[in-house]
Amino acid sequence: MTSQLCEAQFVFFSLSLWQSLHRNWHHLESFAASFCALDFIGGVRSVFFLGILAGGPAAIWSSYIITMVFMWITAAVLAEICSALPLSGSIYIWAAEAAGPKYGRIVAFVVSFWTAAAWMTFSAGNCQTTANYLVSLFNVYDINFPGGMDNSNVKWRALIWALSEVFLIISIAMNFLPPRWYSSIFKLTLGVMAVDFLLNMIWLPIGVSRTYGFRSPHEAFLTTYNGTGAPAGWNWLLCFLFTSGTLTGFDASGHIAEETKNASVVAAQGILGGAIATGTLSFATIILYLFCSPSIDVWNNLDAPQPFVQIYAIALGKPGAIIMTIIAVVGLVLNTSVAIVAASRLIFAIARDGVLPGSKWVGQVNADGQPRHAVIVMYVFGALILCTILPSSVAFTSLVSAGGVPTIAAYGLIALLRLTQTPYDFKTSKFGLGKWKIPFYTSAVLFNALMVAVQVSPFSFPVTAQTFNYAGIILAGVTIIALLSWWFIPEDRWLKSAHIKAILENTEASAQSADTATSNE
């Protein structure tokens, strides 16, 4: 029996499923799934201004160190259980098994709906972010737009919507490449990120030194600022909205585990390695931007949808701004495509298990073992979300703001369940935490709970209808839908408690058979 059938075979048999995705990917693709989906350079640059507003430079670097350490701990918690259960859409299976037979099924419903909503919303939001980079060149070249470049202008919103839809189509189209060809997309994405990072590290400082000059160490590390209107302490904590957002999504390697060879090792390495690499390089990028950014007064006068485009124009000139914007746009499109890979596998897995409407069609794969119908669902969902830009930018922003909350909530819930329900299970995991498990579980629970609180908080005070953060309401709505689905979908249709118990009791047998198959290849 080949490794394609033996890897985690017991889990498939217990779930009354048959592995239908082909194992074509290795270490590089697994690492790239998380690392490229996180997109350290694009992530930091896109929301750096939020950190400036919430606490200023002093809050940015100090909060990021805290975020980096605790997200690495969270990644280690997920890597531990991923090693024991390497499956497509695995995060909700991890949650179910961490909860044990008694609560596993209801937890699986909640986490599957949380993560599906998060990943599908993230893709749409990324496309709008990409559009913002492109149209920011209007500000650089003083191009007048009919009615003004403002979200209150329906013509402006229509332009953003049209560009976002185009970028979504491009990102989706790449997902129809054969698996071996798509491996080149992973490599290309890594290459673009490397070029982007090096240009920022080399070219940007040269430009800054020749124009407005570097910030002093005091300005870069000790300056504080309250641009949110929140009380001083909470204003500082709101900086975690920026820092946590750049380190959310490292579970992507787990979602393609079913297509990864030796997944019990490689997928877990992808999760942990992606988080560590992203955190380290993001921190280096943050330090660079703290020294190379203009003063806060200049920040406040930047009026482009993406302020960094104007910063590049000031430091590098208009041609330099065009070059950096093109690289940023290409990187974000590739980043979105990689995110769709992970998200489509999650949708496929949920559909294969019979939860979604039209599950029989959504859960089908083509001759190459690829979930093309799940990719189509990703496109339809993303395109519809983007349409909310047209009537109201507030509606779209509210939907996108909810993108990170369910994922962080799922991270914390899995850690909580490992701490309280199954702290001593999954002993055969190749990434066991040993004596550190209880401190790691506890730390992950507390930190992710704080991050959820920050993510659902309003960012601007006093709170109005325009500044209200609907992320908490959206999370509650998704949770209610998940609970209703759990109540009405019969247990014999999806994830019986007996199956959860069987998997929990036989993870060791599954891991041993996978190891035997790998050694016999």
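The rules behind the values
Residues numbered from 1 in each chain as written. Predicted model: local features only at pLDDT ≥ 70, side-chain atom pairs only at ≥ 80, totals over all residues. Heavy atoms only, no water. Phe/Tyr/Trp six-rings, centres within 6.5 Å; stacked < 30°, edge-to-face > 60°. Helix = DSSP H or I, 4+ residues; strand = E, 2+ residues; numbered from the N terminus. Buried < 20%, exposed > 50% of the residue type's maximum accessible area, 1.4 Å probe, protein only. Contact = heavy atoms within 4.5 Å. Salt bridge = Lys/Arg side-chain N within 4 Å of Asp/Glu carboxyl O. Axes fitted to C-alpha atoms, helices over the stretch in contact; angles between N-to-C directions. Parallel < 35°, antiparallel > 145°, perpendicular 65-115°, else oblique. Left-handed = near helix turned anticlockwise from the far one by under 90°. Nonpolar A, V, L, I, M, F, W, Y, C, P; charged D, E, K, R; others polar. pLDDT = per-residue confidence, 0-100. Expected span 1.5 Å × (residues − 1). Core = buried A, V, L, I, M, F, W, Y, C linked by side-chain atoms within 4.5 Å.

Caption draft 1: Highlighting the packing of aromatic side chains. Using the criterion set out here, one finds 23 aromatic pairs in the structure. Between Phe48 and Phe242 the ring centres are 6.0 Å apart and the planes differ by 85°, which places this aromatic pair in the edge-to-face class. Taken as a pair, Phe48 in helix α4 (residues 40-53) and Phe242 in helix α11 (residues 240-245) lie far apart in primary sequence, 194 residues in all. A single burial state applies to Phe48 and to Phe242, both of which are buried. Ring geometry for Tyr182 versus Phe186: centroids 5.2 Å apart, planes at 85°, classification edge-to-face. Residue Tyr182 and its partner Phe186 are located together in helix α8 (residues 179-210), separated by 4 residues, close to a single helical turn. Ring pairing ties together the aromatic residues Phe48, Phe242, Tyr289, Trp299, Phe308 and Tyr312, which thus form one cluster.

Caption draft 2: Layout of the side chain of Asn132. Positionally, Asn132 belongs in helix α6 (residues 90-140). In contact with Asn132, not counting residues within four places along its chain, are Ile160, Pro305 and Gln306.

Caption draft 3: Fine view of the environment of Ser244. The residue Ser244 is located in helix α11 in this model. Residue Ser244 is classed as buried on the basis of its relative accessible area, which comes to 0%. A sequence separation of 207 residues divides Ser244 from Met451, and the C-alpha atoms of the two residues are 7.1 Å apart. Ser244 has contacts with Thr67, Met71, Ile408, Met451 and Gln455, leaving out every residue within four places of it along the chain.

Caption draft 4: Looking closely at the pattern of salt bridges. Overall, the coordinates contain 3 salt bridges when judged by the stated rule. We note a salt bridge from Glu80 to Arg418, for which the minimum N-O separation is 3.2 Å. With Glu80 in helix α5 (residues 57-84) and Arg418 in helix α19 (residues 404-420), this residue pair connects regions lying 338 residues apart in the sequence. A salt bridge links Glu219 to Arg215, with the nearest nitrogen and oxygen atoms 3.5 Å apart. Glu219 gets classed as partly exposed once you look at its relative accessible area, which sits at 32%.

Caption draft 5: The packing of α6 against helix α17 (residues 372-387), seen in detail. Close contact between α6 and α17 brings their axes to 9 Å; oriented N to C, the two are set at 55°. By the angle class used here, α6 and α17 are oblique. Read as a crossing pair, α6 and α17 show a hand that is right-handed. For the pair formed by α6 and α17, the contact residues are Trp119, Met120, Thr121, Ser123, Ala124 and Cys127 on the first element and Met378, Phe381, Gly382, Ile385 and Leu386 on the second. Its residues placed into classes, the contact of α6 with α17 shows 8 nonpolar, 3 polar and no charged.

Caption draft 6: Looking closely at the confidence of the model for the protein. This prediction gives the protein a mean pLDDT of 86; 87% of its residues lie at or above 70. When the criterion is pLDDT under 50, residues 1-19 qualifies, and its contacts beyond four places in sequence or with other chains add up to 53 contacts.

Caption draft 7: Region of the structure containing the environment of Val338. Relative to the helices and strands, Val338 is located in helix α15 (residues 307-352). Sequence-wise, Val338 and Asn175 are 163 residues apart; in three dimensions their C-alpha atoms are separated by 8.3 Å. When sequence neighbours within four positions are dropped, the list of residues in contact with Val338 reads Ala32, Ala33, Cys36, Ala37, Tyr182, Phe186 and Thr189.

Caption draft 8: Main features of α17. The end-to-end C-alpha separation of α17 is 23 Å, in line with the 22 Å expected for 16 residues at 1.5 Å each. Taken together, the buried positions of α17 are occupied by Arg372, His373, Ala374, Val375, Met378, Gly382, Ala383, Ile385 and Leu386.

Caption draft 9: Looking closely at the nonpolar core. Phe48, Trp94, Val111, Trp114, Phe250 and Tyr289 are the most contacted members of the largest nonpolar core, which has 146 residues in total. When residues in this core are grouped by element, the largest group, 27 residues, is from α15. Grouped together as the second largest cluster of nonpolar side chains are 7 residues, Val77, Leu433, Ala444 and Val445 included.

Caption draft 10: Structural detail: unusual backbone geometry. In this chain, Phe461 is followed by Pro462 through a cis amide linkage whose omega measures -5°. Mapped onto the elements, Pro462 comes out in the loop between α20 (437-456) and α21 (471-488). At Asp39, a residue that is not glycine, the phi angle is positive and equals roughly 50°. A positive phi angle, close to 55°, is found at Asp142, a residue other than glycine.

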